[in-house]
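Coordinate analysis (summary)
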Amino acid sequence: MHRERLGLKETQPVIGFVGRFTRDKGMAELMGAFRQVQQQVPEAALLLIGDYEAGDPVAAEVRDLIEQTPGVVRTGFVPDVYPYYPLMNVLALPTYREGFPTVALEASAFGLPLVTTDATGARDAVQDGVTGWRVPVGDAAALGVALTAALTDPAEARRRGEAGRAWVLKHFDPEQVQARWATYYDELLRWRELGEQHLGKRWLDVALAGSGLIALSGPLLVLSLLVRSRLGSPVLFKQVRPGLGGSPSPCTSSAP
């Protein structure tokens, strides 16, 4: 149903991207890589799930490429991404900086091979040569080579995708994750009980933590300025994500 609605042919190879259309998500490199892929795989499509954001906007020429390049399909913001993963042959995540990407885990759970950068966080979601391909940050040519390899060698792409699915099932099984959270909360409760029993230690901890924050405020300010100058704005950003019942809701964070 989604494939027909989006105008994708049944056997058409599809590169998927899920996320914000911003500079630090590597949209410029993704568009450059896709044009490189089209030279080897002319029938390839690029499925972009997400939308533009005012914070850290892409350059005007990149936006023009997104909107005018043949083969690029945009869905806009969608509350539920899961129905779109089966349309993809490979997921691209050419990010400059990342926490641990949930999108990568979702794609791996569907058996998709991944192509991402060696940025902090993103590198932890892909085992290069095993569950996908890893390329240098900002290297559109290397990204294009990896995406082309994923589309032109379906057997290898399938092997890496299956390895990724096995890795996710082993390490991120919902029951295991819930059990770890329960253990963590139990530990927090025990620490709280100990803190109530030893109020003197509690005040000592507060004093030491406060002193540490004051001492680190200078380095943190310098770090923020470096992030702003080298990676661009925002250092703190606000974005819309699916909330309760799939309804869009704002989310503010210090990590992308």
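One structure accompanies this document, and this report is about it. Fair warning: this is a prediction, and the values are worked out from it, not measured in the lab. (Residues numbered from 1 in each chain as written. Predicted model: local features only at pLDDT ≥ 70, side-chain atom pairs only at ≥ 80, totals over all residues. Heavy atoms only, no water.)

Our focus in this paragraph is the overall build of the chain. Tallying secondary structure elements over the chain gives eight helices and eight strands in all. With the C-alpha coordinates aligned to their principal axes, the bounding extent of the chain is approximately 70 × 40 × 35 Å. Within the chain, buried positions represent 39% of all 256 residues. Long-range contacts, defined here as pairs at least 24 residues apart, represent 64% of the contacts in the chain between residues at least 6 apart. Total accessible area on the chain is roughly 14500 Å²; 58% of this is exposed by carbon and sulfur atoms. Side chains of the chain give 26 positive and 28 negative charges; the mean places of these two sets differ by 3 Å. (Helix = DSSP H or I, 4+ residues; strand = E, 2+ residues; numbered from the N terminus. Buried < 20%, exposed > 50% of the residue type's maximum accessible area, 1.4 Å probe, protein only. Contact = heavy atoms within 4.5 Å. Areas by Shrake-Rupley, 256 points an atom, 1.4 Å probe, with all protein chains shown as cover. Lys, Arg positive; Asp, Glu negative; His and termini not counted. Charge placed at Lys NZ, Arg CZ, Asp CG, Glu CD.)

Packing of helix H2 (residues 27–40) against helix H5 (residues 140–152) brings their axes to within 8 Å, and their N-to-C directions diverge by 45 degrees. By the angle class used here, H2 and H5 are oblique. The way H2 lies across H5 gives a crossing that is right-handed. Across from Glu-29, Leu-30, Ala-33, Gln-36, Val-37 and Gln-40 in H2, the residues of H5 making contact are Ala-140, Ala-141, Leu-143, Gly-144, Val-145, Leu-147, Thr-148 and Leu-151. Classifying every residue of the contact of H2 with H5 by side-chain character gives nine nonpolar, four polar and one charged. (Axes fitted to C-alpha atoms, helices over the stretch in contact; angles between N-to-C directions. Parallel < 35°, antiparallel > 145°, perpendicular 65-115°, else oblique. Left-handed = near helix turned anticlockwise from the far one by under 90°. Nonpolar A, V, L, I, M, F, W, Y, C, P; charged D, E, K, R; others polar.)

Now for a nonpolar patch on the surface. Taken together, the side chains of Trp-181, Tyr-184, Tyr-185 and Leu-188 present a nonpolar region at the surface, about 440 Å² in accessible area. For Leu-188, the position within the fold is in helix H7 (residues 174–197). (Patch = residues over 30% accessible without salt bridge, like charges linked within 9 Å, V, L, I, M, F, W, Y side chains within 5 Å. Salt bridge = Lys/Arg side-chain N within 4 Å of Asp/Glu carboxyl O.)

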